[in-house]
Amino acid sequence: QENNWTAVRANCHALLNTAVEQICTLTGHEPIYPDGLGLYHQMAAIPLPEIDPVALKTRLYDAFQVEVPTITWNGRYFIRVSIQAYNTPTDVETLLAALTQLI
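Sequence order as written defines the numbering, with residues in each chain counted from 1. Residues qualify for local features only when their pLDDT is at least 70, as the model is predicted, and side-chain atom pairs are given and counted only at 80 or more; totals for whole chains, interfaces and linings, by contrast, use all residues. For the side-chain quantities, the full set of heavy atoms in the structure was used; hydrogens and water were omitted.

So, about the environment of Ala10. Tracing the backbone shows Ala10 in helix α1 (residues 5–27). In this structure, the C-alpha to C-alpha distance between Ala10 and Ile23, residues 13 residues apart in sequence, is 20 Å. Only runs of H or I of at least four residues qualify as helices and only runs of E of at least two qualify as strands under DSSP, and these elements are numbered from the N terminus.

So, about unusual backbone geometry. Look at Asn4: it is not a glycine, yet its phi comes out positive at around 50°. Structurally, Asn4 can be placed in the segment before α1. The phi torsion at Gln65 lies on the positive side, around 55°, for a residue other than glycine.

Bringing the pattern of salt bridges into the picture now. Two side chains of opposite charge can pair, provided their charged atoms sit close to one another. A side-chain nitrogen of Lys or Arg and a carboxyl oxygen of Asp or Glu constitute a salt bridge if their distance falls within 4 Å. Applying the stated rule across the entire model yields one salt bridge. Across the pair Glu67 and Lys57 runs a salt bridge, and its minimum N-O distance is 2.8 Å. Taken as a pair, Glu67 in the loop between α2 (53–64) and β2 (70–73) and Lys57 in helix α2 lie far apart in primary sequence, ten residues in all. Relative accessible area serves as the criterion here: at 56%, Glu67 is assigned to the exposed category. A 1.4 Å probe rolled over the protein chains alone gives each residue an accessible area, and that area as a share of the maximum for its type sets the label: buried under 20%, exposed over 50%, partly exposed in between.

Note on aromatic contacts: the rings of Phe and Tyr and the six-membered ring of Trp form a pair at centre separations within 6.5 Å, being stacked when their planes are under 30 degrees apart, edge-to-face when over 60 apart, and tilted otherwise. One pass over the full model with this rule turns up one aromatic pair. With a centroid separation of 5.2 Å and an interplanar angle of 40°, the aromatic rings of Tyr33 and Tyr40 are classed as tilted. For the pair Tyr33 and Tyr40, one class covers both residues: buried.

Take it as geometry only, folks, not as evidence of what the structure does.
Structure (structure tokens):
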């Protein structure tokens, strides 16, 4: 009760939804699952253009101190974003700024 986890989860989802929308706008790719269907809550895979996923992951960490997995699946590329109670809108802004420079 004292932590109000229901509100924390809702805030995390809202921040993740913002990240999904902004990254998809940046890349021009559609989300793999639309918001509102309950298909993701605090973690989502977001499509990326054709990239070297290992190099992207390394550059995100080395240059921007952003730790985020990159995934190759069925010939497509994704970034997996997870939002927890400690993440802030600034974290998402940092990720978006880094992706803007790197892709």
